[in-house]
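# Structure at a glance
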Amino acid sequence: MSWLSVNGTNQTLERALAQDDPRDEDLAQVEIALLSIIFVTAGVLNVGLLLVLWRRRKQLSRMRVFVFHLCVADLVVTFFQVCPQLIWDITDRFVGPDALCRLVKYLQVVGMFASTYMIVVMTVDRYQAICKPMVTFQRRAAARWNGSVCAAWCVSFIGSLPQVFIFSRVEVAPGVYDCWGQFVQPWGLKAYVTWTTLVIFVLPIFLVICCQARICRTVHTNFHMKMHHLSSRASSVAGMSKARVKTVKMTVVIVLAYVLCWTPFFTVQLWSVWDEQAPTHSATFTILMLLASLNSCANPCIYLMFSGTLPRRLLSLLCVTQTHQNKESNQEEATMVSSLYISLKTLSQSDCR
């Protein structure tokens, strides 16, 4: 799939240059089936994790706040990128007015921006917590801790605005309309794909790698210092550092999942617009688009894997009624035991008298 495909059009760059070519129906059926699985899986996992975190909103740590907003961003990707792509694969054309076309295109890139930059602010927060703990403590005491989250959403909403002006409902063939992007020839599409690749993928990954390198260096240095200066206080500090290191490991895994899912897509897409002889087979773009879509499923799985009690809480959402009944049963049992204890105590006191 080309960049236009991921942003809502079900046609590849190859079909954009030759719109009369019929699509591969067998490939479309496979894509519909896989996108349906990804859509349902990503929706269930992210909504379930959001519900668990929302129920514990008064006890959310900084890391869980970032994960909460990362789930929201992944849901935007799920409902405004995966779902539209699924619908367009079914209908083969965009069905809706021009305003809906522009809105969907805008929200698609908002989701990509938000999921990417939420990982960035999450990594920067871990960098400050590990490498500059005193500065981080002072900032937490003096200011609200969700400023970086707000900044990530602001960048997402503002950075996606060009979508509203680039894409519209246009006539791609006599009497046939689709949601399509119009670019200045011959450099418009190249500039668009290059710019979005830089701001959504290259720059964020560069920032994340720099922060992770500093974090690993600091953790390695602190580990050797504690090995040579053991004391009763050092053991407690080591325990605190262990918890922080765990969140760092989780962040690293989230970053790796993002890189693995999106690197092939951005690489091939950039190659396809700059090299006119580059292969642009539909099957290749389809596989890359599906791989990129898996990132929305991976993030909640990674967080649940690194959490101790949250997986059980997530499962409990599937059996709320049974849990509620068990709770009532336990309360009744506790009441009976308490009443029996009081009765026996009263009886023993009367015998002593």
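Keep in mind that this is a model prediction, so the values were computed, not measured.

### Side note on the pairing of strand β1 (residues 167-173)
Along any regular strand the residues' side chains alternate between the sheet's two faces. Examined bridge by bridge, β1 and strand β2 (residues 176-181) share 6 bridges and lie antiparallel to one another. Of the residues in β2, the one forming a bridge with Ala173 is Val176. Between β1 and β2, which pair antiparallel one after the other, the connecting turn spans 2 residues, and Gly175 there sits at a positive phi close to 80°.

### Some points on the packing of aromatic side chains
On inspection of all chains with the given rule, the structure shows 14 aromatic pairs. With a centroid separation of 5.9 Å and 20° between ring planes, the pair formed by Phe113 and Tyr117 is classed as stacked. Residue Phe113 and its partner Tyr117 are both found in helix α5 (residues 98-131); the two are separated by 4 residues, about one turn of the helix. With relative accessibility at 5%, the residue Phe113 sits in the buried group. A relative accessible area of 13% means that Tyr117 is categorised as buried.

### Remarks on the pattern of salt bridges
The tally for this structure, following the rule as stated, stands at 4 salt bridges. A salt bridge links Arg102 to Asp98; its shortest N-O distance comes to 2.6 Å. Highlighted residues: Arg102 and Asp98, both in helix α5, separated by 4 residues, approximately one helical turn. You can call Arg102 partly exposed: its relative accessible area is 26%. The partner of Arg126 in a salt bridge is Asp125, and the shortest N-O contact between them spans 2.6 Å. Grouping residues by exposure puts Arg126 and Asp125 together as buried. Each of Arg62, Asp125 and Arg126 takes part in salt bridges that share partners, so that together they form one network.

### Observations concerning the nonpolar core
Grouped together as the largest cluster of nonpolar side chains are 50 residues, with contacts concentrated most on Val67, Ile200, Met250 and Trp262. Going through the elements one at a time, α3 (25-55), α4 (62-91), α5, α7 (147-159), α9 (188-228), α10 (232-274), α11 (282-293) and α12 (295-306) are the ones with two or more residues in this core. Here this core takes 13 residues from α5, the largest share from any one element. Core analysis: the second largest hydrophobic core is formed by 9 residues, Val82, Met289, Leu290 and Cys297 among them.

### A few points about a nonpolar patch on the surface
A cluster of nonpolar side chains, namely Phe157, Ile158, Leu161 and Phe165, defines an oily patch on the protein surface of about 450 Å² accessible area. Relative to the helices and strands, Phe157 resides in helix α7. By relative accessible area, which is 38% here, Phe157 ends up partly exposed.

### Some remarks on the UniProt feature "transmembrane region" (unreviewed entry) in the chain
UniProt annotation of "transmembrane region" (unreviewed entry) refers to residues 32-54, 66-87, 107-124, 145-167, 192-216, 250-271 and 283-306 when read in the numbering used here. Helix makes up 100% of residues 32-54 and strand 0%, and the two end C-alpha atoms of the span are 32 Å apart. Helix and strand shares over residues 250-271 are 100% and 0% respectively, and the end C-alpha atoms of the span are 32 Å apart.

### Some thoughts on the state of the cysteines
One pass over the structure, following the stated rule, counts 1 disulfide. Note that Cys101 is cross-linked by a disulfide to Cys179, the S-S spacing being 1.8 Å. What sets the handedness of the Cys101 and Cys179 disulfide is the S-S torsion sign, and at about 80° it is right-handed. Here Cys179 lies in strand β2 and Cys101 lies in helix α5, a separation of 78 residues in the sequence.

### Overview of the confidence of the model for the chain
Within the chain, residue pLDDT values average 76, and 69% of them lie at 70 or more. Low pLDDT, under 50, characterises residues 232-240; the stretch is placed with 3 contacts to residues that sit more than four places away or in other chains. Low pLDDT, under 50, characterises residues 321-353; the stretch is placed with 1 contact to residues that sit more than four places away or in other chains.

### Considerations on the packing of α4 against α7
Axis separation between α4 and α7 bottoms out at 10 Å; the angle between their running directions is 20°. Taken together, the axes of α4 and α7 are roughly parallel relative to one another. The crossing of α4 and α7 is right-handed. Two secondary-structure elements touch here, α4 through Val65, Phe66, His69, Val72 and Ala73 and α7 through Ser148, Val149 and Trp153. The residue inventory of the contact of α4 with α7, partitioned by class, reads 6 nonpolar, 2 polar and no charged.

How each quantity is defined
- Residues numbered from 1 in each chain as written.
- Predicted model: local features only at pLDDT ≥ 70, side-chain atom pairs only at ≥ 80, totals over all residues.
- Heavy atoms only, no water.
- Pairing = 2+ DSSP bridges.
- Helix = DSSP H or I, 4+ residues; strand = E, 2+ residues; numbered from the N terminus.
- Phe/Tyr/Trp six-rings, centres within 6.5 Å; stacked < 30°, edge-to-face > 60°.
- Buried < 20%, exposed > 50% of the residue type's maximum accessible area, 1.4 Å probe, protein only.
- Salt bridge = Lys/Arg side-chain N within 4 Å of Asp/Glu carboxyl O.
- Core = buried A, V, L, I, M, F, W, Y, C linked by side-chain atoms within 4.5 Å.
- Patch = residues over 30% accessible without salt bridge, like charges linked within 9 Å, V, L, I, M, F, W, Y side chains within 5 Å.
- Areas by Shrake-Rupley, 256 points an atom, 1.4 Å probe, with all protein chains shown as cover.
- UniProt positions renumbered as here; feature names shortened; annotations may be inferred.
- Disulfide = S-S within 2.5 Å.
- pLDDT = per-residue confidence, 0-100.
- Contact = heavy atoms within 4.5 Å.
- Axes fitted to C-alpha atoms, helices over the stretch in contact; angles between N-to-C directions.
- Parallel < 35°, antiparallel > 145°, perpendicular 65-115°, else oblique.
- Left-handed = near helix turned anticlockwise from the far one by under 90°.
- Nonpolar A, V, L, I, M, F, W, Y, C, P; charged D, E, K, R; others polar.

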